[in-house]
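# Analysis of the macromolecular model
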Amino acid sequence: MKRLSIYLILFVYAAAQLKPLTAVINDALAHTFWKVQHMATVHFENGHYHLHNELKTISEEDKNSTQEKSSSTEKSNETNSNQIIHELNFDFEMNAVKIIPSIKPKQNAVCGFNQINSPPPKQV
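Please read these numbers as outputs of a predicted model, since none were measured by experiment.

Helix and strand counts for the protein stand at four helices and zero strands. Across the protein, helices and strands are ordered from the amino to the carboxyl terminus as α-α-α-α. Looking at the protein as a whole, 6% of its 124 residues are labelled buried. Taken as a whole, the protein presents about 12400 Å² of accessible surface, with 61% of it coming from carbon and sulfur.

Shown next as structure tokens:
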């Protein structure tokens, strides 16, 4: 039951995100399976570019819905910003002991190991 609900929620979310794609799929199915009825109704009323008009109205609806959401949040921020005053003070004082590294001339500073000048081992 949990999997079914998760898949259902995922499907609803994906369908909401792909709303313009549903108009294109709907038009493709209508042209494939119901061509005579589609041409007689939709193309007769809205013309050849009816899909373009549908996509345009969908994008305008999305813009209007986002503008309505942003304007309501801006109004709430304007009223709350005057009432809430919060001051943050950071203290970056270091109380740790500093250890100064000493690098010898024959020590490789990148890897931290001493360089040993000795011949390779002899083969027996």
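A cluster of nonpolar side chains, namely Leu18, Leu21, Val24, Ile25, Leu29, Phe33 and Trp34, defines an oily patch on the protein surface of about 670 Å² accessible area. With respect to the helices and strands, the residue Ile25 is situated in helix H2 (residues 19-33). Its relative accessible area of 45% is what places Ile25 among the partly exposed residues.

Right, let's get into the packing of H2 against helix H3 (residues 35-46). Close contact between H2 and H3 brings their axes to 6 Å; oriented N to C, the two are set at 125 degrees. In this view, H2 runs oblique relative to H3, as classed from their interaxial angle. Residues Asp27, Ala30, His31 and Phe33 of H2 pack against Lys35, His38, Met39 and His43 of H3. Of the residues assigned to the contact of H2 with H3, the class counts are three nonpolar, three polar and two charged.

Turning next to the confidence of the model for the protein. Parts of the prediction with low pLDDT should not have their coordinates interpreted in detail. Residue-level pLDDT values for the protein average 75, and 62% of them are 70 or greater. When mean pLDDT is taken per element in the protein, helix H1 (residues 2-17) scores highest with 88 and helix H4 (residues 50-81) scores lowest with 72.

Attention now goes to the environment of Leu51. Checked against the element boundaries, Leu51 lands in helix H4. The exposure class of Leu51 is buried, given its relative accessible area of 18%. A C-alpha to C-alpha distance of 7.1 Å links Leu51 and Val24, two positions 27 residues apart in sequence. Excluding anything up to four places from it in sequence, Leu51 contacts Ala23, Val24 and Asp27.

The next subject is the side chain of His38. Mapped onto the fold, His38 is located in helix H3. Within polar-contact distance, the side chain of His38 engages the side chain of Asp27 at 3.0 Å. With sequence-adjacent residues up to four places away left out, His38 is seen in contact with Asp27, Ala30, His31, His43 and His50.

Here is what the cut-offs are and how they apply
- Residues numbered from 1 in each chain as written.
- Predicted model: local features only at pLDDT ≥ 70, side-chain atom pairs only at ≥ 80, totals over all residues.
- Heavy atoms only, no water.
- Helix = DSSP H or I, 4+ residues; strand = E, 2+ residues; numbered from the N terminus.
- Buried < 20%, exposed > 50% of the residue type's maximum accessible area, 1.4 Å probe, protein only.
- Areas by Shrake-Rupley, 256 points an atom, 1.4 Å probe, with all protein chains shown as cover.
- Patch = residues over 30% accessible without salt bridge, like charges linked within 9 Å, V, L, I, M, F, W, Y side chains within 5 Å.
- Salt bridge = Lys/Arg side-chain N within 4 Å of Asp/Glu carboxyl O.
- Axes fitted to C-alpha atoms, helices over the stretch in contact; angles between N-to-C directions.
- Parallel < 35°, antiparallel > 145°, perpendicular 65-115°, else oblique.
- Contact = heavy atoms within 4.5 Å.
- Nonpolar A, V, L, I, M, F, W, Y, C, P; charged D, E, K, R; others polar.
- pLDDT = per-residue confidence, 0-100.
- Polar contact = N/O pair within 3.5 Å; in protein donor to acceptor, adjacent residues only side chain to side chain.

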